[in-house]
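Geometric and topological summary
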2 protein chains.
Amino acid sequence: MAALKYSRQRESIKTYLSSTKEHPTADMVYLHVKEEYPNISLGTVYRNLNLLSDIGEAIKINTPDGGCRFDGNVMPHNHFFCKQCGRMIDLKMDDIEHVNEIAAKNFDGIIESHSILFYGTCGDCITKN
Amino acid sequence: MAALKYSRQRESIKTYLSSTKEHPTADMVYLHVKEEYPNISLGTVYRNLNLLSDIGEAIKINTPDGGCRFDGNVMPHNHFFCKQCGRMIDLKMDDIEHVNEIAAKNFDGIIESHSILFYGTCGDCITKN
DNA sequence: TTAATTTTAGTAACTATTATTGTTATCAAT
DNA sequence: ATTGATAACAATAATAGTTACTAAAATTAA
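Since the model is a prediction, treat every value here as computed from it, not as a measurement. (Residues numbered from 1 in each chain as written. Chains lettered and ligands numbered in written order. Predicted model: local features only at pLDDT ≥ 70, side-chain atom pairs only at ≥ 80, totals over all residues. Heavy atoms only, no water.)

With that out of the way, let us pick up the sheet that holds strand β4 (residues 88–91) of chain A. Across the sheet, 6 strands lie side by side as β4(A)-β3(A)-β5(A)-β5(B)-β3(B)-β4(B); this open sheet has mixed pairing. Since the sheet does not close on itself, it has two edges, and those belong to β4 of chain A together with β4 (88–91) of chain B, each with one partner. Going across the sheet, the axis of each strand differs from the next one's by a mean of 30°, ignoring polarity. Pairing of strand β3 (residues 78–82) of chain B with β4(B), which is carried by 4 bridges, proceeds in the antiparallel orientation. What sits directly across from His79(B), in β4(B), is Asp90(B). (Pairing = 2+ DSSP bridges. Helix = DSSP H or I, 4+ residues; strand = E, 2+ residues; numbered from the N terminus. Axes fitted to C-alpha atoms, helices over the stretch in contact; angles between N-to-C directions.)

A word on the domain arrangement of chain A. Residue and element names in this part refer to chain A. When its domains are assigned, chain A resolves into domain 1 (8–71) and domain 2 (78–128). Centre-to-centre, using C-alpha coordinates, domain 1 lies 22 Å away from domain 2. Taken together, the two surfaces of domain 1 and domain 2 that pack against each other cover about 680 Å², and 59% of this comes from carbon and sulfur. For the domain 1 face of the interface with domain 2, the top three residues by lost area are His23, Pro64 and Arg69, together amounting to 54%. Our count for the domain 1 to domain 2 interface comes out at 0 salt bridges. Of the residues contributing to the side of domain 1 that touches domain 2, the split by class is 2 nonpolar, 3 polar and 4 charged. (Domains from an automatic or database assignment. Buried area = accessible area lost by both parts, 1.4 Å probe. Salt bridge = Lys/Arg side-chain N within 4 Å of Asp/Glu carboxyl O. Nonpolar A, V, L, I, M, F, W, Y, C, P; charged D, E, K, R; others polar.)

Spelled out as structure tokens, the structure:
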């Protein structure tokens, strides 16, 4: 297995992901890291986001519109997607890992995990209307 | 609002979706309907799949790899995605709508719904290994 | 049938992502 | 510190999946 060498760019991407709760797109990460490393390329950002996701140091979440968001918080948690403003928000909610057992009951394969995304309208959008 | 006119192509797409449990990709639908209507274009397939999904006569499911699958079964049900063979399988499982209330407990927005996808290894892939 | 409108096929364009290429940075051993 | 091997880099090209455009054909209403 290829040893992972240090790189400032990857470090910067990680730092940014850890600092924000915005669940940025790859492009948002790119624009941000660009401020520190103006020559960084979008491809590098993609490669490192996927790498971080692969080694479990970030989470990749696909949005209903086809795009992807990234999250530096790797603690298990669930997300909410606001249909109005498109924001993705962390949910502080009780564990629902038990749904895996419910799913496994009449299934002959192995359920390892699930990913769930909640939809609706966020608090901000409710007050705005 | 524009009235919806009949089209053989759309009918054929609908019929195919209703007849299969394979959760086909747009391209698989295209290849299948092409047997009946050799001149159909991929754009027509996409347009109609999205249309059917919009009017609630089909379901669009994004897979973890970025692609989309379509399902003619619009009854509420959950899906399983096999990490090995990439198949998407219907789960016959108890209702888990209660997770919406769990999510809503400490949240100031409105949780309308959720979508959940289970991951793991399907029965076929287990026996093969 | 005629006229109005939708749908189609074919193609082009678009977006997000991944792969490629030539160059530079990192690191361990000298 | 220098070297050599390998990884990471920027830049760009390529790809995949999807959507937009347009003229011609199909559908429906009158």
